[in-house]
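Chain by chain, the residues run as shown.
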Amino acid sequence: MSSLVVVGSLAYDAVETPHGKVDRMLGGACTYISLSASYFTKVSIVGVVGDDFASEDVDLLQSHHVDVEGMERVPGKTFFWSGRYTPDMNDRETLVTDLNVFATFEPKLPASYRGIPYLFLGNIQPTLQRNVRAQMSNPRLTGGDTMNYWISDHRADLLETIRGWNFLLVNDHEARQLSGKTNLKQAAEAIMAMGPAVVIIKRGEYGALLFVRHNGSLRWFAAPGYLLDQVFDPTGAGDCFAGGFMGYLASRNLDLSHADTDPQEMLRAVIYGSVMGSFCCEKFGVDRFRTLTRAEVDARFQEFQDATAF
Ligand code: AMP
């Protein structure tokens, strides 16, 4: 089993959805990505927390065999984020972003991480994403995501960073903003011209689009969103998608730079991403991952297959 390095925020979140309100719970992109990917591969995280980060939260990560050697603990408060969802839960408003110890984060990779073959760069400053990549010896596959702020205010830096990536994961708004194209196929092609050979565009409850070049032509695949009985809290769904997608690629030892990589594997990775994103929404915060089993993950993968075959 190959292993994966994940960098990103470790946080406490306050979240309000039509189903309830939680004032403080474990969150952060790195947390969601690593919990999700842990169902497929061994995960090692890089991030920073303050002295208020609870030992039960470290225990949750470790109960999923996540290596926390690269989790730095410094004096001060852990990154705090608060958001409120619209009634249909397709949009949210950020109420508070307190960077706290995240403001001066300088990722340092433990020596034991440097030779790990898979690297996922979660949404942090593009310069830091580049810095983490530079500390790795020679990852087989590098991918990551970003957000509107880096696209608008740190564009040149972001472009230099993603040039060396194998894939980029963005939502539809970010794809349009980054490419300057409203048509999503044109947007994906424009992003591919920036470097990544694979582009995944997340569309919230409507699923995700995969664009990959195979044998010289552009192949696309549309995964639907899983129809949940009830969405409790969509926080972290995009990150869990990333964890499922990347975790599956790592578990299969895939190398996207090889022209002979079976594109079907990419499709399966997108479905595993959708599966993990859907589980995340079933409970508040990371709660679903306290009980979720790999058998449930595989059963939902099969359900996706049955629901989309014709
Ligand atoms: P998602 O719903 O997939 O976008 O992920 C939400 C998670 O991202 C929350 O747990 C937040 O703590 C974290 N988050 C929100 N804003 C930021 C930010 N500016 N930088 C890093 N992480 C963030």
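In short, a report on the structure. (Residues numbered from 1 in each chain as written. Predicted model: local features only at pLDDT ≥ 70, side-chain atom pairs only at ≥ 80, totals over all residues. Heavy atoms only, no water.)

Side note on the site of the ligand
Link 1 in the chain: The immediate surroundings of the ligand are formed by 19 residues, with Ser9, Asp13, Gly28, Gly236 and Asp239 found nearest.
Link 2 in the chain: In this structure, Gly236 approaches the ligand through a main-chain N or O atom, which is 2.7 Å from an oxygen atom.
Link 3 in the chain: Relative to its unbound accessible surface of 500 Å², the ligand loses 84% to contact with the protein.
Link 4 in the chain: Listed by contribution, the elements that provide at least two residues to the shell around the ligand are β2 (11-17), α1 (29-37), β6 (79-85) and α8 (237-251).
Link 5 in the chain: Considering each element in turn, the shell around the ligand owes the most residues, three residues, to α8.
Link 6 in the chain: Of the residues in the shell around the ligand, the class split is nine nonpolar, seven polar and three charged. (Near = heavy atom within 4 Å. Polar contact = N/O pair within 3.5 Å; in protein donor to acceptor, adjacent residues only side chain to side chain. Areas by Shrake-Rupley, 256 points an atom, 1.4 Å probe, with all protein chains shown as cover. Helix = DSSP H or I, 4+ residues; strand = E, 2+ residues; numbered from the N terminus. Nonpolar A, V, L, I, M, F, W, Y, C, P; charged D, E, K, R; others polar.)

Topic: the nonpolar core
Link 1 in the chain: Grouped together as the largest cluster of nonpolar side chains are 62 residues, with contacts concentrated most on Ile45 and Phe167.
Link 2 in the chain: Ranked by the residues each element gives to this core, the list is headed by helix α9 (residues 263-280), at ten residues.
Link 3 in the chain: Those residues within four positions of Phe167 in sequence are excluded, and the remaining contacts are Phe120, Leu141, Thr142, Gly143, Gly144, Pro196, Val198, Ile200, Phe245, Met246, Leu249 and Leu256.
Link 4 in the chain: Within the second largest apolar cluster, 43 residues are counted, among which are Tyr85, Ile124, Val170 and Val199. (Core = buried A, V, L, I, M, F, W, Y, C linked by side-chain atoms within 4.5 Å. Buried < 20%, exposed > 50% of the residue type's maximum accessible area, 1.4 Å probe, protein only. Contact = heavy atoms within 4.5 Å.)

Quick word on the environment of Phe232
Link 1 in the chain: Position of Phe232 relative to the elements: it lies in the loop between β13 (217-223) and α8.
Link 2 in the chain: Sequence spacing of Phe232 and His19 is 213 residues, and the spatial spacing of their C-alpha atoms is 6.0 Å.
Link 3 in the chain: Apart from the residues lying within four places of it in its own chain, the contact partners of Phe232 are Thr17, His19, Met89, Cys281, Glu282, Lys283 and Phe284.

Describing the side chain of Ser274
Link 1 in the chain: Secondary-structure assignment places Ser274 in helix α9.
Link 2 in the chain: Note on Ser274: relative accessible area 8%, which makes it buried.
Link 3 in the chain: Beyond its immediate sequence surroundings of up to four residues, Ser274 is in contact with Ala223, Pro224, Phe241 and Phe304.

Things to note about the side chain of Asp255
Link 1 in the chain: Looking at the secondary structure, you find Asp255 in the loop between α8 and α9.
Link 2 in the chain: No salt bridge is formed by the buried Asp255. Its closest oppositely charged neighbour is Arg140, at 5.3 Å. (Lys, Arg positive; Asp, Glu negative; His and termini not counted. Salt bridge = Lys/Arg side-chain N within 4 Å of Asp/Glu carboxyl O.)

Re α9
Link 1 in the chain: For α9, built from 18 residues, the straight-helix expectation of 26 Å at 1.5 Å per residue is met to within 8% by its first-to-last C-alpha distance of 26 Å.
Link 2 in the chain: Across the 18 residues of α9, 16 count as buried, placing the element largely inside the fold. (Expected span 1.5 Å × (residues − 1).)

Quick word on the pairing of strand β7 (residues 92-98)
Link 1 in the chain: Bridging between β6 and β7 involves six bridges; their strand directions are antiparallel. Each bridged residue has a counterpart across the sheet, and for Phe80 the counterpart in β7 is Asp98. (Pairing = 2+ DSSP bridges.)

Considering the sheet that holds strand β5 (residues 67-73)
Link 1 in the chain: If you trace the nine strands from one edge of the open sheet to the other, you get β5-β4-β1-β8-β9-β10-β11-β12-β13, paired in mixed fashion. Looking at strand neighbours, the two that pair on one side only are β5 and β13, the edges of this open sheet. Direction aside, neighbouring strands of the sheet carry axes that sit 15° apart on average.
Link 2 in the chain: With seven bridges connecting them, strand β12 (residues 208-214) and β13 associate as antiparallel partners. Residue pairing for β13: Leu210 is matched across the bridge by Phe221.
Link 3 in the chain: Of the strands in this sheet, β10 (167-171) and β11 (198-202) are in contact with helix α6 (residues 172-179), which crosses β10 at around 115°.
Link 4 in the chain: Set on the sheet, helix α7 (residues 184-192) makes contact with β10, β11, β12 and β13; between it and β12 the angle comes to about 50°. (Axes fitted to C-alpha atoms, helices over the stretch in contact; angles between N-to-C directions.)

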